[in-house]
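# Residue-level structural notes
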Amino acid sequence: ALVVLSGGFPHRDLWGLALLRSGKAPLLLFSGRSSPATAQARDQLLTLTAVEPSRVLFESASRSTVEGGRAFRALAAANGWRSVLLVSDAYHLARACRDYGMEGLRVMAAPCPGPPRATWGGPGLTRPLDHRVLDLVPSVEGLAGTTLAVRELLGVLLRR
């Protein structure tokens, strides 16, 4: 089975659909709660991509990666699945693979290409001095990256 973890619409969903269409797995499961707007947009995306409804499942009860892993393990046991291709952002996959990999399931990470990020496009020494000085000022992107790292670290520590 192929599992797309919630929280990364639309890039996780698009990557999961691309993997499904390329034949990496026969079934796609969207795991985790979604807002009504995201669920509606996902339905439209599935309609536009003409994915057969029999190849798509939804697990919407879980509120965390741990709960999603438990729900998937129950589905896997009921359906005889032995492996999962797990779609999420790269920063999240180490913890997610551990949570899904309990009880003998084989978990393979499928990190999705993330949203595009702005780059300077050249070596730091060739940029004007004012741009290099601005690198010392905290940025929204830097804060977002720090927030993701702290959340993942807390997830690991709290799990122990």
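Details of the structure are given in the entry above.
Quick caveat: nothing in here was measured; it's all calculated off a predicted structure. (Residues numbered from 1 in each chain as written. Predicted model: local features only at pLDDT ≥ 70, side-chain atom pairs only at ≥ 80, totals over all residues. Heavy atoms only, no water.)

### Notes on the pattern of salt bridges
Any two side chains of opposite charge can pair, given that their charged atoms come close. Spelled out, the test is: A pair is scored as a salt bridge if a Lys or Arg side-chain nitrogen falls within 4 Å of a carboxyl oxygen belonging to Asp or Glu. Note on conventions: DSSP H or I runs of at least 4 residues are helices, E runs of at least 2 residues are strands, and numbering of each starts at the N terminus. Each residue is placed in one exposure class: buried if its accessible area under a 1.4 Å probe, protein chains only, is under 20% of its type's maximum, exposed if it is over 50%, and partly exposed if it falls in between.
Tallied over the full model, the rule gives six salt bridges. We note a salt bridge from arginine 95 to glutamate 152, for which the minimum N-O separation is 3.0 Å. Taken as a pair, arginine 95 in helix α4 (residues 90–100) and glutamate 152 in helix α6 (residues 140–159) lie far apart in primary sequence, 57 residues in all. The class for arginine 95 is buried, based on a relative accessible area of 14%. Residue classification places glutamate 152 among the buried residues on the basis of a relative accessible area of 12%. The closest approach of N and O atoms between aspartate 99 and arginine 98, which form a salt bridge, is 3.8 Å. A relative accessible area of 1% places aspartate 99 in the buried class.

### Some details on the nonpolar core
What counts, and what does not: Only buried Ala, Val, Leu, Ile, Met, Phe, Trp, Tyr and Cys residues count toward a nonpolar core, and they belong to the same one when joined by side-chain atoms within 4.5 Å. The contact rule is simple, with two residues in contact once any of their heavy atoms fall within 4.5 Å.
Ranked by size, the top nonpolar core spans 16 residues in total, and within it Leu2, Leu28 and Val87 carry the most contacts. Going through the elements one at a time, β1 (2–5), α1 (11–21), β2 (28–31), α2 (36–49) and β4 (83–88) are the ones with two or more residues in this core. Take this core: its biggest share by element is three residues, from α1. Those residues within four positions of leucine 2 in sequence are excluded, and the remaining contacts are Gly16, Leu19, Leu20, Ala25, Leu27, Leu28, Leu29, Leu85 and Val87. Of all hydrophobic cores here, the second largest spans 15 residues; its members include Leu27, Trp81, Val84 and Leu105.

### With respect to the sheet that holds β1
Test applied: Note on pairing: DSSP must find at least two bridges between two strands before they are called paired. What counts as an axis is a line fitted to C-alpha atoms, over the stretch in contact for a helix, and the angles between N-to-C directions run from 0 to 180 degrees.
The sheet built from five strands is open, its strands ordered β3-β2-β1-β4-β5 with parallel pairing. Both edges of this open sheet fall to β3 (56–59) and β5 (106–111), since each of them pairs with a single strand only. With direction set aside, neighbouring strand axes in the sheet form an average angle of 25°. Judged from the four bridges that link them, β1 and β2 form a sheet pairing that is parallel. Along β2, the bridge assignment pairs leucine 2 with leucine 28. Lying on the sheet, helix α3 (residues 65–79) is in contact with β1, β2, β3 and β4; it crosses β2 at an angle near 145°.

### Thoughts on the pairing of β1
The test is simple: A right-handed crossover is one whose linking path, passing over the helix from the first strand to the second, runs clockwise when the strands point away from the viewer.
Of the two faces of β1, the one lined by Leu2 and Val4 and the one lined by Val3 and Leu5 are each fully buried. What joins β1 to β2 is α1, and the crossover it makes is right-handed. As judged from the three bridges shared by β1 and β4, these two strands associate in the parallel manner. Along β4, the bridge assignment pairs valine 3 with leucine 86.

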